[in-house]
Structure formats: C-alpha cells, structure tokens
Amino acid sequence: MIEEFRRHRRPVSGNDLAQALGISIRTLYRDIDSLRALGAGIEGEAGVGYVMRPGFLLPPVMFTTEEVDALVLGSHWVADKADKPLAEAARKAMAKLTAVMPVELVDRVEARYSVIGKSEEWAPETIDIAVVREAIQQERKLLLQYRDGKGKSSERVIWPFFLIYFSGGRIISAWCELRDGIRHFRTDRIDALSKLPTRYPRRRHELIKLWREAEVCENAQK
C-alpha cells in the first residue's frame, strides 16, 4: 500500500486504491488506520480521496538470530529445491525482508550460517508445477499421462489436494478416478498434464481427512 501511495502525488480514491491492491474497500480502510497508527501521514477520508505525506518509513522488522537463520534456511531450500516460480518468489520474499531488517540482522542473512546440501535427484520434470498448484487451489481435476515404476503408461484423471516437496523431487497426492482411491504420483513420471475445467465433486478438506485417516491406519498396522 505504501508503494501504491508513493505512485500518486495527488489524492487517490479509496476505490482506485482497493482495485490496484486487489483488496476490498473495508480492508483498505482497516489498513489505512493501521498505517496511521504506525505514524504514516495519510491525509483524506472516504469519498474524498487519500494522499500520504513523504518521509514515512516502516519501522525495522525485528527477529531473533534463530528466527533469521530459520528464514534464511527455509528460503534457500525453496529457492534450491522448488520449481522456478516458487524459487523466484522465495528469493524476492527474502529480499523484501532484508530491506526492512536492522543492519546487524542483514549481516547475519548475508553470512549464510546454514546451507542446503546436495541430495539424490529424480529425473527432470517436463510439466509445469504451477498448473498443479492452481488445480489444488481451485479444486480442479487434472488429466495426466503417467508412467509407473515399470515404465507402463496410463491416462489418469485425478483430484489433487497436496503437492509434497522432497529433497530430490515432488509428489502429487490425489484421488485417482481409475483406482477409485488416494494415490501418490511422482512428478518426474508425468509425461503430460492439463487442468480440466471440472471441479472435483468432493471438497479438498474432505480428501485431506481421508488421506490422514489412511495414514493413521497404515501406521497402526506397522
């Protein structure tokens, strides 16, 4: 919101701000009140428009050294192991955090006391993982061309509910219409993938509950 204010030298309406930020007008008013409480010189009111006086900076974000180490390790893991869009998002998020950290904590980030080691890599993926994440968020079915461990190919329609990240690769947890049950699909064995317009008939939280119940039963049998 601060960046959006800085783009406008003259008052801008609340509706225009909310639209630019992708939030509701009620959320906008709440956020403006929060920024004012932090000392931002935001002038104006609903129906008139708003403008922010220059000179306001957010206070530095405070973390303990252990929290910084955890953030650095997590962001480096995602940047190293995740797909390209998520990896780039991790790098940008860390850059935004360091921009508002005190100098001594920025020094600790740059020191990199923890690093990500190499792990056994699976075969390269040929699919767009972003499509999988979208399907999970939108509760949409996916159509796969999938190879099992023996190399046998089959067409599957699945209802994805989790994308599980391992050091060496990724797995999609989903309800498989062909097998009529929950199955796990290695992303490096998917030759083709497309998102279908059809929502899956059960809600995602129901599938997660089924998966957890199956995990409990499996562990009890061991």
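Residues numbered from 1 in each chain as written. Predicted model: local features only at pLDDT ≥ 70, side-chain atom pairs only at ≥ 80, totals over all residues. Heavy atoms only, no water.

Let us look at helix α8 (residues 204–221). If you check α8, its first and last C-alpha atoms are 26 Å apart, about what 18 residues at 1.5 Å a residue would give, namely 26 Å. Taken together, the buried positions of α8 are occupied by Leu207, Ile208 and Trp211. The buried residues of α8 occupy an angular sector of 100° when projected down its axis, which confines them to one face. Those residues of α8 that are exposed and aimed more than 90 degrees away from the buried face are His205, Lys209, Arg212, Val216, Ala220 and Gln221. Buried positions along α8 lie against β4 (153–165), β5 (170–176) and β6 (181–186). (Helix = DSSP H or I, 4+ residues; strand = E, 2+ residues; numbered from the N terminus. Expected span 1.5 Å × (residues − 1). Buried < 20%, exposed > 50% of the residue type's maximum accessible area, 1.4 Å probe, protein only. Arc of directions from axis to C-beta. Contact = heavy atoms within 4.5 Å.)

Attention now moves to the pairing of β5. Across the 7 residues that make up β5, a large majority, 7, are buried. The pairing of β4 with β5 spans 7 bridges and is classified as antiparallel. Directly across from Tyr165, in β5, lies its bridge partner Arg170. Once β4 ends, the chain turns through 4 residues before running back antiparallel as β5. (Pairing = 2+ DSSP bridges.)

Let us now look at the packing of helix α4 (residues 65–81) against helix α5 (residues 84–99). In the contact formed by α4 and α5, the axes pass within 7 Å of each other and the chain directions differ by 155°. On the basis of the axis angle, α4 is roughly antiparallel to α5. In terms of crossing hand, the pair formed by α4 and α5 is left-handed. Taking contact as the criterion, the partners of Leu71, Val72, Ser75, Val78 and Ala79 in α4 are, on α5, Leu86, Ala87, Ala90, Arg91, Met94 and Leu97. Each residue belonging to the contact of α4 with α5 can be placed in one class, and the counts come to 9 nonpolar, 1 polar and 1 charged. (Axes fitted to C-alpha atoms, helices over the stretch in contact; angles between N-to-C directions. Parallel < 35°, antiparallel > 145°, perpendicular 65-115°, else oblique. Left-handed = near helix turned anticlockwise from the far one by under 90°. Nonpolar A, V, L, I, M, F, W, Y, C, P; charged D, E, K, R; others polar.)

The subject of this paragraph is the confidence of the model for the chain. On average, the chain scores 85 in pLDDT, and the residues at 70 or more come to 93%. Averaged over each element, pLDDT in the chain is lowest for helix α1 (residues 2–6) (75) and highest for strand β3 (residues 140–147) (96). (pLDDT = per-residue confidence, 0-100.)

Taken as a whole, this structure holds 13 salt bridges when the rule is applied. For Lys81, the salt bridge goes to Asp80, with nearest N and O atoms at 3.2 Å. Residue classification places Asp80 among the partly exposed positions, given a relative accessible area of 46%. The residue Asp83 makes a salt bridge to Arg133 at a minimum N-O spacing of 2.8 Å. Of this pair, Asp83 sits in the loop between α4 and α5 while Arg133 sits in helix α7 (residues 129–138), and the two are 50 residues apart along the sequence. We note that Asp83, like Arg133, is buried. When salt bridges with common partners are traced through the structure, they connect Glu139, Arg199 and Arg203 into a single cluster. (Salt bridge = Lys/Arg side-chain N within 4 Å of Asp/Glu carboxyl O.)

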